[in-house]
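Below, each chain spelled out in residue letters.
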Amino acid sequence: IQSTIYFDDKNNKAIKVFSLDNQNFYSRKKENKLRELMKLRGRFPTVALPERIITCQGKCVGYVMSKLPDAMSLEEFQFKARKQQIDLKESLKIACELARFIEKLHSEDIIFGDFHSDQFMTKNGKIYVCDTDTWGFENKGKDYEADRAGRSKYIDPKVRDFEKSDIVITGYTKQSDYFSLAVVVFEMLVGFNPYDGIYPLVKGY
């Protein structure tokens, strides 16, 4: 809905182009944040940070990032756990790696924000991040805050406005990242989201 990803296999790049329907992306604010994220390259070697901004008629319409071939979405761990094919040792290792990454991100005063299992890839026991333009900087002002987008079952209730019928996020925090982390790890180990309400592996629960 928000964007389309294209792959340049020849140059091993991924190209993210923002949706034409979402005018919020055509702002100087988005471009400024992408430029700030570009400065982080080298400090996070396993993150597909923006390498180049794509513009059209002077407006930011997307960016280029590195592509990670032959990696697996973190969501695959959830599918394996649901089928009771989980390798507990491997899943716990990945969960700890994920927690360490978030801790490192927070030490740089960066907030992940739109945190869910599809944002992460795994390869050879390492965590890779494939989407960063929604990240935010805690101490750089409102223009650099994390994008207020997300999947409802991963969003910390403390950062949602429940008086609105739609999903309205008041602003992500480091604590909300930890909430989302806990949900993702739960899914990896159990196979289901803790707020889905139905656990077919446990009768009557």
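Residues numbered from 1 in each chain as written. Predicted model: local features only at pLDDT ≥ 70, side-chain atom pairs only at ≥ 80, totals over all residues. Heavy atoms only, no water.

(A) Examining the nonpolar core more closely. Counting 36 residues, the largest nonpolar core has Leu74, Phe101, Phe112, Phe120 and Trp135 as its most contacted members. Elements supplying a minimum of two residues to this core: β2 (13-18), α1 (28-38), β4 (59-66), α3 (88-107), β8 (126-129) and α4 (174-190). Other than its neighbours up to four places away in sequence, Leu74 contacts Ile94, Leu98, Ser117, Phe120, Met121, Thr122, Ile127, Val184 and Met188. Ile111, Ala146, Ile155 and Tyr172 belong to the second-largest nonpolar core, a separate cluster that totals six residues. (Core = buried A, V, L, I, M, F, W, Y, C linked by side-chain atoms within 4.5 Å. Buried < 20%, exposed > 50% of the residue type's maximum accessible area, 1.4 Å probe, protein only. Helix = DSSP H or I, 4+ residues; strand = E, 2+ residues; numbered from the N terminus. Contact = heavy atoms within 4.5 Å.)

(B) Local environment of the confidence of the model for the protein. Across the protein, pLDDT averages 88, with 92% of residues at or above 70. By mean pLDDT, helix α2 (residues 75-82) is the weakest element of the protein at 89, and strand β6 (residues 110-111) is the strongest at 96. (pLDDT = per-residue confidence, 0-100.)

(C) Fine view of unusual backbone geometry. In this model, Asp70 sits at a positive phi of 60°, which is unusual for a non-glycine residue. Within the secondary structure layout, Asp70 lies in the loop between β4 and β5 (72-73). The phi angle at Gln84 is positive, at roughly 60°, despite the residue not being glycine. Among the structural elements, Gln84 can be located in the loop between α2 and α3.

(D) Structural context of the packing of α3 against α4. α4 packs onto α3 with a crossing angle of 170° between their chain directions and a minimal axis gap of 10 Å. Between α3 and α4, the crossing angle belongs to the class labelled roughly antiparallel. Contacts from Leu88, Ser91, Leu92, Ile94, Ala95, Leu98, Ala99, Ile102, Glu103 and His106 in α3 reach Lys174, Asp177, Tyr178, Leu181, Val184, Val185, Met188 and Leu189 in α4. (Axes fitted to C-alpha atoms, helices over the stretch in contact; angles between N-to-C directions. Parallel < 35°, antiparallel > 145°, perpendicular 65-115°, else oblique.)

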